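# Per-entry structural report
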Amino acid sequence: MFENLLEMQERGARDRARGRSLADNPMSKPDILPIADFQEWYSMFDAWRFGWSIEDAMAGHINMPRDSGTLAQTYTRTV
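Throughout what follows, the structure given in this document is the object of discussion. Everything numeric here is computed off the predicted structure, so don't read it as measured data.

So, about the overall build of the protein chain. From N to C terminus, the protein chain includes two helices and zero strands. By residue count, 25% of the 79 residues in the protein chain fall in the buried class. Within the protein chain, contacts between residues at least 6 apart in sequence are counted, and of these 57% link residues at least 24 apart. Accessible surface computed for the protein chain: about 5,900 Å², of which carbon and sulfur atoms make up 53%.

Structural data, given as structure tokens:
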């Protein structure tokens, strides 16, 4: 299970680097939603979101101004 969570974190980071949004979490697709084990499903959902958030923070997107302004930072990542 632990390895699966790490893989989901890495997938979330890769998805963010490729420009996907939080809404693109693969664990939120209707065919994957929890059927039997809610805890395991949520752990995977949260692991992807955590990886996505780490990549987002590394890219500097968390500090985006709320007034639709632009930041002087640029960020490039090769995946």
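What follows concerns helix H1 (residues 2-17). Compared with the 22 Å implied by 1.5 Å per residue over 16 residues, the 23 Å span of H1 between its first and last C-alpha is a close match. When we look at burial in H1, the residues that qualify are Met8, Gly12, Ala13, Asp15 and Arg16. Take H1 and look down its axis: the buried residues cluster within an arc of 165°, on one side only. Looking at the buried residues of H1, the elements they touch are helix H2 (38-58).

Take the packing of H1 against H2 next. Packing of H1 against H2 brings their axes to within 7 Å, and their N-to-C directions diverge by 40°. Considered as vectors, H1 and H2 are oriented oblique to each other. Like other packed secondary-structure pairs, H1 and H2 cross with a definite hand, here right-handed. Residue-level contacts link Asn4, Leu5, Met8, Gln9, Arg11, Gly12, Ala13, Asp15, Arg16 and Ala17 of H1 to Ser43, Met44, Ala47, Trp48, Phe50, Gly51, Trp52, Glu55 and Asp56 of H2.

We now examine H2. In this model, H2 (21 residues) spans 30 Å end to end at C-alpha, consistent with the 30 Å of a helix rising 1.5 Å per residue. Within H2 the residues assigned to the buried category are Trp41, Ser43, Met44, Phe45, Ala47, Trp48, Gly51, Trp52, Glu55 and Asp56. In this structure, the buried side of H2 is in contact with H1. The N-cap of H2, judged by a side-chain oxygen 3.3 Å from the amide nitrogen of Gln39 a few residues on, is Asp37. Where H2 terminates, the next one or two residues include Gly60, which has phi positive at roughly 85°.

Met8, Met27, Trp41, Met44, Phe45, Ala47, Trp48 and Trp52 form the largest nonpolar core, which has eight residues in total. For this core, the leading source of residues is H2, giving six residues. For Trp52, the residues in contact, after removing those within four places along its chain, are Gly12, Ala13, Arg16, Arg20, Ser21 and Leu22.

Thresholds, definitions, all that
Residues numbered from 1 in each chain as written. Predicted model: local features only at pLDDT ≥ 70, side-chain atom pairs only at ≥ 80, totals over all residues. Heavy atoms only, no water. Helix = DSSP H or I, 4+ residues; strand = E, 2+ residues; numbered from the N terminus. Buried < 20%, exposed > 50% of the residue type's maximum accessible area, 1.4 Å probe, protein only. Contact = heavy atoms within 4.5 Å. Areas by Shrake-Rupley, 256 points an atom, 1.4 Å probe, with all protein chains shown as cover. Expected span 1.5 Å × (residues − 1). Arc of directions from axis to C-beta. Axes fitted to C-alpha atoms, helices over the stretch in contact; angles between N-to-C directions. Parallel < 35°, antiparallel > 145°, perpendicular 65-115°, else oblique. Left-handed = near helix turned anticlockwise from the far one by under 90°. Polar contact = N/O pair within 3.5 Å; in protein donor to acceptor, adjacent residues only side chain to side chain. Core = buried A, V, L, I, M, F, W, Y, C linked by side-chain atoms within 4.5 Å.

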